[in-house]
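Below are the chains, spelled out letter by letter.
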Amino acid sequence: MAEPTADDYSKTASQRHLCIPDKNSPKDSCCSKLKSFIIALSFAYFSKTLCGAYLKSSITQIERRFEIASCVVGLIDGGFEMGNLLFMALVSHFGAALHRPRLIGIGCFLMAIGSALTGLPHFFMGRYKYDTVIQGFANKTSMASCQNPMAQSDYSNPHIPSSDDIGTECVKDPGSSMWIYVFLGNALRGIGESPVTPLGISYIDDFAKAENSAFYIACLQTITLLGPIFGFLLGSFCARLYVDIGFVSVETVTITSKDARWVGAWWLGFFVSAAFLLLAGIPFWFLPRSLPKQGEEGKENSNVDQSHNMDSKKLGSIAKGN
């Protein structure tokens, strides 16, 4: 039986050491990191849409609690779009040259801070006080005036107030100015959302196959649709809880959720959303800045294998004395 030569030893060693591990492990590592990014981005999409849907569902509770007009409520609701509009173009332009996963993580942390800031005024406003007795109108004349303030007054009757007095009787007293924190928190949430969508889509499009990129984005959009569902469910649950739950005894509350004076625990869902957003931003800090293009890992590995085989052949020839 012929003994193996030095060339055979070099070929066997190169095959054992180079072919199997180097062809499989980098490819699996790159694919797993891309899939990890997609899973983390899906959870971030779910969390941000959950928080947005919860704000829509609790806007009535906020209006009652702060005793603000409908125009102010519209301003609060538009704060998200204002913050998003200011930073969307800047982040999309300069973010591509930076560490995109970490920028997305920073955006998730900003959204978490904004969501927590939205619910923070509850702890500084004191306890909610509602009228224990529904006050009626003094007479039918004032009732008719408030119900139809545009009606023409009969100046021939001295008992009917003039049109100048009608507006002052029906104007509601201004409520708390703490709604500004709700507006700022919603605007901060819009600023934090600006890097999530454009940088996340571009990261997938750069490192995924062309035929897989559309599938990954479709999975993101599908999971995004689940966010509003759970957001509205969370809003419905918090609306059934009294606004000062945990601070006052529920037995002392004489009104129910069907009463017009009822205010639900609007602040509770924002802290729940902040916890989701905080968790969503953590995985992005452990993801790489760039990845090999999906499907091209084998080409890079084959080039590495060829260089190693050439080096092993040189070592074999040296061992034989050539």
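Basis of the calculations
Residues numbered from 1 in each chain as written. Predicted model: local features only at pLDDT ≥ 70, side-chain atom pairs only at ≥ 80, totals over all residues. Heavy atoms only, no water. Helix = DSSP H or I, 4+ residues; strand = E, 2+ residues; numbered from the N terminus. Contact = heavy atoms within 4.5 Å. Core = buried A, V, L, I, M, F, W, Y, C linked by side-chain atoms within 4.5 Å. Buried < 20%, exposed > 50% of the residue type's maximum accessible area, 1.4 Å probe, protein only. UniProt positions renumbered as here; feature names shortened; annotations may be inferred. Expected span 1.5 Å × (residues − 1). Arc of directions from axis to C-beta. Salt bridge = Lys/Arg side-chain N within 4 Å of Asp/Glu carboxyl O. Axes fitted to C-alpha atoms, helices over the stretch in contact; angles between N-to-C directions. Nonpolar A, V, L, I, M, F, W, Y, C, P; charged D, E, K, R; others polar.

S.K.: Could you give me a rundown of the environment of Gly 190, with the residues and numbers involved?
M.R.: Inspection of the secondary structure assignment puts Gly 190 in helix H8 (residues 179–193). Spatially, the C-alpha atom of Gly 190 lies 8.8 Å from that of Phe 87, the residues being 103 residues apart in sequence. The residues contacting Gly 190, other than those within four sequence positions of it, are Phe 80, Gly 83 and Asn 84.

S.K.: An account of the nonpolar core is needed here, citing residue identities and associated values.
M.R.: Counting residues in each nonpolar core, the largest one holds 30 residues, and the members touching the most others are Phe 66 and Trp 266. Of all the elements in the fold, those that place two or more residues in this core are helix H1 (6–57), helix H2 (59–66), helix H3 (70–77), H8 and helix H10 (210–239). For this core, the element with the most residues is H1, which contributes four residues. Apart from the residues lying within four places of it in its own chain, the contact partners of Trp 266 are Tyr 54, Ser 58, Gln 61, Ile 62, Arg 65, Phe 66, Thr 118, Gly 119, His 122 and Val 243.

S.K.: Before we move on, could you go through the side chain of Arg 100 and cite the residues and values that matter?
M.R.: Along the chain, Arg 100 falls in helix H5 (residues 100–119). Arg 100 sits in the buried class, given a relative accessible area of 7%. When sequence neighbours within four positions are dropped, the list of residues in contact with Arg 100 reads Gly 95, Leu 199, Ser 202, Tyr 203, Asp 206 and Phe 207.

S.K.: Talk me through the UniProt feature "transmembrane region" (unreviewed entry) in the chain; I want residue IDs and the actual numbers.
M.R.: Under the UniProt annotation, "transmembrane region" (unreviewed entry) lies at residues 36–55, 67–91, 103–124, 214–243 and 263–287. With 100% helix and 0% strand, residues 36–55 has its two end C-alpha atoms placed 29 Å apart. Within the segment residues 103–124, helix and strand shares are 77% and 0% respectively, and the terminal C-alpha atoms sit 32 Å apart.

S.K.: Mind laying out helix H11 (residues 268–281), listing which residues take part and the relevant values?
M.R.: Relative to the 20 Å expected for 14 residues at 1.5 Å per residue, H11 spans 21 Å between its end C-alpha atoms, a close match to the ideal helical length. Those residues of H11 that fall on the buried side of the exposure criterion are Gly 269, Phe 270, Ser 273, Ala 274, Leu 277, Ala 280 and Gly 281. Buried residues in H11, looked at end-on, bunch into an arc of 140°, giving them a common side.

S.K.: Outline the pattern of salt bridges, supporting the account with residue identities and numerical values.
M.R.: By the definition in use, this model includes four salt bridges. Among the salt bridges present, the one from Lys 56 reaches Asp 77, with a minimum N-O distance of 2.9 Å. Of this pair, Lys 56 sits in helix H1 while Asp 77 is found in helix H3, placing the two residues 21 residues apart along the sequence. Residue Asp 77 is classed as partly exposed on the basis of its relative accessible area of 24%. Asp 259 serves as the salt-bridge partner of Arg 261, at 3.0 Å between the closest nitrogen and oxygen.

S.K.: Go over the packing of H3 against helix H4 (residues 79–94), please, and point to the residues and values.
M.R.: Packed helices, taken two at a time, are described by the angle between their axes plus the distance between the axes. Relative to each other, H3 and H4 sit at 35°, their axes nearing to 4 Å. Residues Leu 75, Ile 76 and Asp 77 of H3 form the contact with H4, whose participating residues are Gly 79, Phe 80, Glu 81 and Met 82. Residue classes in the contact of H3 with H4 are distributed as four nonpolar, one polar and two charged.

S.K.: Requested: an account of the side chain of Gln 61, with residues and values cited.
M.R.: Relative to the helices and strands, Gln 61 is located in helix H2. Exposure remark for Gln 61: the relative accessible area of 12% places this residue in the buried category. Contacts of Gln 61, omitting those with residues within four sequence positions, involve Ala 239, Trp 262, Val 263, Gly 264 and Trp 266.

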